[in-house]
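Residue-level structural notes
The lines below spell out each chain.
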Amino acid sequence: MGFYSFLLDQNPILTVSLTAWLVAQISKTIINCLLMKRFDAERLWGAGGMPSSHSALVCSMLVATGKEMGTRSPLFAIAFVLAAIVMYDAMGVRRAAGEQAKVLNQMLFDWMDQNKQLFPNAKQTKELKEMLGHTPIEVLSGALLGIIIGFLIPVM
């Protein structure tokens, strides 16, 4: 707890943000473990899944910046714009890339399955990462988590 107090004293906005990210990643790992009935360590640092740790991080940063600098400060405006871009990107570009990876992985799997006789020594290559982006509910849950943590942890 001493290191956490030190970090909070040194940079409260960063501390709040990293705390929200960590809580989201741990929550994501637990939720994934309950749904899949197995532990996947990659969920502790990987992108995608419920809740969005990116959204939790930027929303907690937004709230902490507002609490420390005021909502009329230029830093709050920058934090707001960054949060909007990160959450939009998570639901848009990154989610689309994940959906494309699913299709490409399936195409490769089907092609290799159909051509076993032509290429008997061919091995399944490493699959493209499919969990990249987020559904709107994953982004919303991460945003709410970040906002709650931003309000719960004192920054002054």
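Cut-offs applied
- Residues numbered from 1 in each chain as written.
- Predicted model: local features only at pLDDT ≥ 70, side-chain atom pairs only at ≥ 80, totals over all residues.
- Heavy atoms only, no water.
- Helix = DSSP H or I, 4+ residues; strand = E, 2+ residues; numbered from the N terminus.
- Buried < 20%, exposed > 50% of the residue type's maximum accessible area, 1.4 Å probe, protein only.
- Contact = heavy atoms within 4.5 Å.
- Lys, Arg positive; Asp, Glu negative; His and termini not counted.
- Salt bridge = Lys/Arg side-chain N within 4 Å of Asp/Glu carboxyl O.
- Polar contact = N/O pair within 3.5 Å; in protein donor to acceptor, adjacent residues only side chain to side chain.
- pLDDT = per-residue confidence, 0-100.
- Core = buried A, V, L, I, M, F, W, Y, C linked by side-chain atoms within 4.5 Å.
- Patch = residues over 30% accessible without salt bridge, like charges linked within 9 Å, V, L, I, M, F, W, Y side chains within 5 Å.
- Areas by Shrake-Rupley, 256 points an atom, 1.4 Å probe, with all protein chains shown as cover.

1. Some remarks on the overall build of the protein
Counting its secondary structure elements, the protein contains six helices and zero strands. For the protein, the α and β elements follow one another from N to C terminus as α-α-α-α-α-α. Here the protein holds 156 residues, and the buried ones make up 35% of them. The long-range fraction of contacts in the protein, counting pairs at least 24 apart against all pairs at least 6 apart in sequence, stands at 71%.

2. Quick look at the side chain of Lys-28
Relative to the helices and strands, Lys-28 resides in helix H2 (residues 12-36). An unpaired buried charge is present at Lys-28: no salt bridge exists, and Glu-138, the closest side chain of opposite charge, is 8.0 Å distant. Separated by 3.1 Å, the side chains of Lys-28 and Gln-25 make a polar contact. Setting aside anything within four residues of it in sequence, one finds Lys-28 in contact with Arg-43, Gly-46, Ala-47, Gly-48, Gly-49, Met-50, Pro-51, Ser-53 and His-134.

3. Some details on the confidence of the model for the protein
Per-residue pLDDT for the protein has a mean of 84; in total, 79% of the residues score no lower than 70. Looking across the protein, the model is least confident in helix H5 (residues 93-114), with a mean pLDDT of 70, and most confident in helix H3 (residues 53-69), with 96.

4. As for the nonpolar core
General note: in soluble globular proteins, nonpolar side chains tend to be found buried as a group. In this structure, Val-16, Ala-64 and Ile-149 are the most contacted members of the largest nonpolar core, which totals 13 residues. Setting aside chain neighbours within four positions, we find Ala-64 in contact with Ile-13, Val-16 and Val-155. By size, the runner-up hydrophobic cluster in this structure holds seven residues, among which are Val-58, Met-87, Val-139 and Ala-143.

5. Observations regarding the environment of Ala-56
Locating Ala-56 in the fold gives a position in helix H3. Each C-alpha atom, one on Ala-56 and one on Leu-145, is 5.7 Å from the other, the two residues being 89 residues apart in sequence. Those residues in contact with Ala-56 that sit more than four places away from it in its chain are Ala-20, Ala-24, Gly-142, Ala-143, Leu-145 and Gly-146.

6. Digging into a nonpolar patch on the surface
A cluster of nonpolar side chains, namely Trp-21, Leu-22, Ile-26, Ile-30, Leu-34, Phe-39, Leu-44 and Trp-45, defines an oily patch on the protein surface of about 830 Å² accessible area. When you line up the elements, Trp-45 lands in the loop between H2 and H3.

7. Section: the environment of Gly-49
Within the secondary structure layout, Gly-49 lies in the loop between H2 and H3. A relative accessible area of 8% means that Gly-49 is categorised as buried. Put simply, Gly-49 and His-134 are 85 residues apart on the chain and 6.4 Å apart in space, counted from C-alpha to C-alpha.

8. A look at the environment of His-54
Looking at the element boundaries, His-54 is found in helix H3. Residue His-54 is classed as partly exposed on the basis of its relative accessible area of 32%. Each C-alpha atom of the pair His-54 and Gln-25 lies 9.5 Å from the other, and the pair is 29 residues apart in sequence.

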